[in-house]
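Architecture at a glance
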Amino acid sequence: MWRELLPVGRHGTTGGYRRHAWTAADADCRAWFEEQARRRGLTYEVDRNGNQWAWWGDPAAGGAVVTGSHLDSVPDGGAYDGPLGVISAFAALDALRARGVTGGRPLAIGNFSDEEGARFGVACVGSRLMTGVLDPGQARELKDDHGVTLGTAMERAGHDPDAIGRDDDRLARVAAFVELHVEQGRNLGDAQVGVASSIWPHGRWRFDFQGQANHAGTTRLEDRHDPMLAFAAAVLKARGQAERAGALATFGKVSVEPNGTNAIPSRVTAWLDSRAPDAATLDMLVKEITHESRATVTRESYTPLVEFDGRLRDHLVGLLGGVPVLPTGAGHDAGILASALPTAMLFVRNPTGASHCPDEHAEEADCLAGVAALAHVLEDLLRE
Ligand code: HGY
Ligand code: MN
Ligand code: MN
Ligand code: MN
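From a predicted model like this one, the values you see are computed outputs, not experimental measurements.

1. A word on the packing of helix α9 (residues 310-319) against helix α11 (residues 364-382)
Axes are the key here: two packed helices are described by the angle between their axes and the distance separating the axes. At a minimum axis distance of 10 Å, the contact between α9 and α11 shows a crossing angle of 120 degrees. For the element pair α9 / α11, the angle class is oblique. In the packing of α9 onto α11, the handedness of the crossing is right-handed. Facing Leu-312, His-315, Leu-316 and Leu-319 of α9, the residues of α11 in contact are His-376, Val-377, Asp-380 and Leu-381. Across the contact of α9 with α11, the residue classes tally to five nonpolar, two polar and one charged.

Below, the structure is given as structure tokens:
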């Protein structure tokens, strides 16, 4: 069924996806979500933060079980990270109805807005706003690479940016959240489905390397203030320190000013994504990378270690007959919602572990096993 989604939002340049928040591709995905909800007779709504909801049962009753994920992607991302969780939610609902399950608690399927943070730089914007961990005023002022603010982008997409903020009323109506997601590290081995134990602490830091623009053909080497050298040194240091710490550090995005082939840059701005098994290791790693980097460093987002609700986790493992339990280095909306309500994650095997790239893949049989597992878990959780 997610193959229906594949063509949606294929605005990539190298065959990947660019389903970024509040763009035409995002609008395509959101229209797809609404259509899936309406064709099933579900109550469709968009909350104050732009998250989409499809309700089976009374949205106002309380005690709801929520499942779903996100539809946006990183630049040139894959087709499964996010969409698999949303599509599997609709497929699991179809399976429950087919076997005559009438629910008990309300069930909601969610598409959480701007999970990847690809356009405005902060991940999980929709779920962070909903749980109050992202300040609405700051969120509105987040800018994309063209200087367009999140507030303006939301407004252009027909959404009121002044409405965004913590949604206590909605959170109070939810009893549990379960997110199904493609596994992103080839860690399931020969198991088709697994359960998440935790999410590594991780964050994003902006490094501003200041230099002095000058002529590439006439400025002697000893007279240069070339920020590219400081940037290159930081990249190599990040790799070395991460290896020593048993952690991860990535400079995946960089911008150079004035970005001319024959001009020494005046400034290099680079973004570090770093992750580690525990906060102390992460903090030490970033401190080492920052130390003597000659950059002005700004922390742009940070997610502390998330330990999923042990009781719910063990209950799911029992329901699924003892599937593997594993941590992940990838951030998820479930990691944000876990601060506000009982939350769990199901992982579906990814044979190569490739993710955040066009090669991301999951076998049909594994995806269907994920749907069956999610349906089994939901049927149990929906019982009063
Ligand atoms: O970056 C992440 O880990 C997530 O995919 N947003
Ligand atoms: Mn992702
Ligand atoms: Mn994801
Ligand atoms: Mn994620």
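2. Topic: the nonpolar core
One finds Phe-33, Trp-56, Phe-90, Leu-316, Leu-320, Leu-346 and Leu-374 to be the most contacted residues of the largest nonpolar core, which totals 48 residues. The element that contributes the greatest number of residues to this core is α11, accounting for 10 residues. Ignoring sequence-local partners within four residues, the contact set of Leu-316 consists of Val-178, Val-195, Ala-344, Leu-346 and Val-377. Among the nonpolar cores identified, the runner-up in size contains 22 residues, and Ala-64, Leu-188, Val-306 and Leu-341 belong to it.

3. A word on the coordination of the manganese ion (ligand 2)
Surrounding the manganese ion (ligand 2) are the protein donor atoms Asp-81 (OD), Glu-116 (OE) and His-356 (NE2), at 2.0 to 2.1 Å. Written as a sequence motif, the donor residues of the manganese ion (ligand 2) are D-x34-E-x239-H. The metal-metal distance between the manganese ion (ligand 2) and the manganese ion (ligand 3) is 3.5 Å, with Asp-81 coordinating both. In this pair, Asp-81 sits in the loop between β3 (64-69) and α2 (83-98) while Glu-116 sits in the loop between β4 (107-111) and α3 (125-131), placing the two residues 35 residues apart along the sequence. Owing to a relative accessible area of 8%, Glu-116 belongs among the buried residues under this scheme.

4. Some words on the domain arrangement of the protein
Partitioning the protein into domains gives domain 1 (2-200 + 305-383) and domain 2 (202-303). Here domain 1 and domain 2 have C-alpha centroids that lie 32 Å from each other. Across the contact, 15 residues belong to domain 1 and 13 residues belong to domain 2. Regarding the contact of domain 1 and domain 2, the summed buried area is about 1100 Å², with carbon and sulfur atoms giving 46% of it. Three residues stand out in domain 1 for area buried against domain 2, namely Arg-128, Trp-200 and Leu-305, and they jointly supply 49% of the buried area on that side. Between Lys-253 and Asp-145 there is a salt bridge, with the nearest N and O atoms lying 3.1 Å from each other. Our count for the contact surface shared by domain 1 and domain 2 stands at eight residue pairs in polar contact (both at pLDDT 80 or more). Taken together, the residues that form the side of domain 1 that touches domain 2 break down as eight nonpolar, four polar and three charged.

Rules of the game
- Every chain's residues receive numbers from 1 upward, in the order its sequence appears when written.
- Working convention: letters from A go to chains and numbers from 1 go to ligands, in the order in which they are written.
- Only residues with pLDDT of at least 70 are given local features in this predicted model, and only at 80 or more are side-chain atom pairs given and counted; all residues enter the totals for whole chains, interfaces and linings.
- To obtain the side-chain values, all non-hydrogen atoms of the structure were used and water was disregarded.
- Only the stretch in contact is used when fitting a helix axis, every axis being a line fitted to C-alpha atoms; angles between N-to-C directions are given from 0 to 180 degrees.
- A run of H or I in DSSP counts as a helix once it spans at least four residues, and a run of E counts as a strand once it spans at least two, with each numbered from the N terminus.
- Roughly parallel means an angle under 35 degrees; roughly antiparallel means over 145; roughly perpendicular covers 65 to 115; every other angle is labelled oblique.
- Each crossing gets its handedness from the near helix: less than a right angle anticlockwise from the far helix is left-handed, clockwise is right-handed.
- Contact between two residues is taken to exist if any of their heavy atoms lie within 4.5 Å; hydrogens are not considered.
- Residue type decides the class: Asp, Glu, Lys and Arg count as charged, Ala, Val, Leu, Ile, Met, Phe, Trp, Tyr, Cys and Pro as nonpolar, and the leftover types, Gly among them, as polar.
- Buried residues of nine kinds, namely Ala, Val, Leu, Ile, Met, Phe, Trp, Tyr and Cys, make up a nonpolar core once their side-chain atoms join them within 4.5 Å.
- Each residue is assigned to one of three classes by its accessible area relative to the maximum for its type, calculated with a 1.4 Å probe on protein chains only: buried under 20%, partly exposed between the two thresholds, exposed over 50%.
- Shown as donors are all N, O and S atoms within 2.8 Å of a metal ion, widened to 3.2 Å for Na, K and Ca; because water is not in the atom set, sites may appear incomplete.
- Segmentation of the chain into domains, including their bounds, is taken from an automatic or database domain assignment.
- Computed with a 1.4 Å rolling probe, the buried area is the accessible surface lost when two parts are put together, summed over both parts.
- When a carboxyl oxygen of Asp or Glu is within 4 Å of a side-chain nitrogen of Lys or Arg, the pair counts as a salt bridge.
- Counting of polar contacts relies on pairs of N or O atoms within 3.5 Å, with two restrictions inside protein: one atom must be capable of donating a hydrogen and the other of accepting it, and residues adjacent in sequence are counted only when both atoms are side-chain atoms.

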